[in-house]
Amino acid sequence: MKISLLEPIGVDKRVIDSLAEGLVEKGHEFVYYDTKTTDEKELLKRSADSDIVMIANNPYPAAVIEKTDKLKMMSVAFTGIDHIGIRACREKNIMICNAAGYSDQTVAELIIGFAVDGLRNVAKANESVRKGGTNAGIGGREICGKTVGIIGLGRIGLKAAKLFLAFGAKVIAYNRSQSREALDAGIEYRTLEELLKESHIISLNLPLNSQTKGFIGSKQIQLMRKDAVFINCARGPIVDNEALAKALNDDELGFACVDVFDMEPPIPKEYPLLHAKNTLLTPHQAFISEESMERRAKIVFQNVYAYLEGQPENVCK
């Protein structure tokens, strides 16, 4: 079979070569492209005669998938698969396997970092000292004793919740179902309305799908405390970011830490959150660390090995 890695996945080529060695030894052809592309013609050129393709978070649209003749399996070096033409894959019976779990710890740790910054004004303090200022009005608040609301208690949400518990926070959660692990950890479940009203810190950890797009809008934001810190390391379109920016500028919300937007960075200059006060914005980096990139590479290749052995792993339904 021909197996093509269509873009870099955040690790050195020596790691790629090592992980691909077993495929080559088994007689498969392996091709690695070390540049990203969003050009559909180029994507089709790279994958047209491939049996298996590996991609990261670059779009892989239906228009490309529909023109592939041999493609049987796709190994996605990412947790979410909303950047792929999923319906086209299903129509052509192409199996999709993701890299579930690779970034859980990394994202959870950045959520904690965001919470610390939002409460302790770290970015503001950095700016102050560089401009010759002092610590006046910058001291902030502690996580300990605060109520943290986790919207979406999946693997990342649960990891973040446990880290917040270690800080001495009270953790409440909104989720479609309850888990014994969460209850045993001391996490309390709430309705969405209750969580939004009670929480000093709110972390959004939902997947993006047709049910969650626009899940947090002006109505939900108005329920939040005026001093709340809102964190989004999930997906940008889950939030009405224009409403979020307005609430921040109108002092209806304390602070927002946002790693994901309605598009991938670079962000257009007119984007509302770029002009909102009391924000910390990062360029979709929550999933990136040395450790997570190595885990991701191993999982995405293991998905291919498992598929070739007839025992596929991390299959997305």
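All of these numbers come straight from a predicted model, not from anything done at the bench. (Residues numbered from 1 in each chain as written. Predicted model: local features only at pLDDT ≥ 70, side-chain atom pairs only at ≥ 80, totals over all residues. Heavy atoms only, no water.)

S.K.: Got a minute to help me understand the overall build of the protein chain in this structure?
M.R.: If you tally the helices and strands in the protein chain, you get 12 helices and 12 strands. For 317 residues, the compact-globule estimate of 2.2 N^0.38 gives 20 Å, and the C-alpha radius of gyration of the protein chain, at 21 Å, lies within 12% of that figure. Expressed as lengths along the three principal axes of its C-alpha atoms, the size of the protein chain is roughly 65 × 45 × 35 Å. Burial statistics for the protein chain: of 317 residues in total, 49% are counted as buried. Relative to all contacts within the protein chain whose residues are 6 or more apart in sequence, the contacts with residues 24 or more apart total 61%. (Helix = DSSP H or I, 4+ residues; strand = E, 2+ residues; numbered from the N terminus. Rg over C-alpha atoms; globule rule 2.2 N^0.38 Å. Buried < 20%, exposed > 50% of the residue type's maximum accessible area, 1.4 Å probe, protein only. Contact = heavy atoms within 4.5 Å.)

S.K.: What is the right way to look at the sheet that holds strand 7 (residues 170-174) in this model?
M.R.: Adjacent strands of a sheet form backbone hydrogen bonds with each other and so pair up, either parallel or antiparallel. Taken in spatial order, the seven strands line up as 8-7-6-9-10-11-12 in an open sheet, and their pairing is parallel. In this open sheet, the two strands that pair with only one neighbour each are strand 8 (188-189) and strand 12 (279-281). Relative to strand 10 (residues 229-232), strand 9 (residues 201-204) is paired through four bridges, and the arrangement is parallel. Looking at the pairing, Ser203 lines up with Ile231 of strand 10. In the packing of helix 7 (residues 155-166) onto the sheet, contacts are made with strand 6 (147-151), strand 7 and strand 9, and the angle to strand 6 comes to roughly 175°. (Pairing = 2+ DSSP bridges. Axes fitted to C-alpha atoms, helices over the stretch in contact; angles between N-to-C directions.)

S.K.: Is there a simple way to explain the side chain of Asn205 in this structure?
M.R.: With respect to the element layout, Asn205 can be found in the loop between strand 9 and helix 10 (218-223). Accessibility expressed as a relative area gives 14% for Asn205, which makes it buried. Of the polar contacts made by the side chain of Asn205, one reaches the side chain of Ser203; its length is 2.8 Å. (Polar contact = N/O pair within 3.5 Å; in protein donor to acceptor, adjacent residues only side chain to side chain.)

S.K.: So what exactly am I meant to see when it comes to the packing of helix 1 (residues 13-25) against helix 12 (residues 290-308) here?
M.R.: Describing two packed helices takes the angle between their axes plus the distance from one axis to the other. At a minimum axis separation of 10 Å, helix 1 and helix 12 run at an interaxial angle of 5°. Regarding the angle of helix 1 to helix 12, the classification is roughly parallel. Contacts between helix 1 and helix 12 involve Ile16, Leu19, Ala20, Glu21, Gly22 and Leu23 from the first element and Ala297, Lys298, Phe301, Val304, Tyr305 and Leu308 from the second. Its residues assigned to classes, the contact of helix 1 with helix 12 shows nine nonpolar, one polar and two charged. (Parallel < 35°, antiparallel > 145°, perpendicular 65-115°, else oblique. Nonpolar A, V, L, I, M, F, W, Y, C, P; charged D, E, K, R; others polar.)

S.K.: What is the right way to read unusual backbone geometry from this model?
M.R.: Following Pro265, the chain continues to Pro266 via a peptide bond in cis, the omega torsion being 10°. The backbone of Asn121 shows a phi angle near 60°, a positive value even though the residue is not glycine. Tracing the chain through its elements places Asn121 in the loop between helix 5 (104-120) and helix 6 (122-130). With relative accessibility at 13%, the residue Asn121 sits in the buried group.

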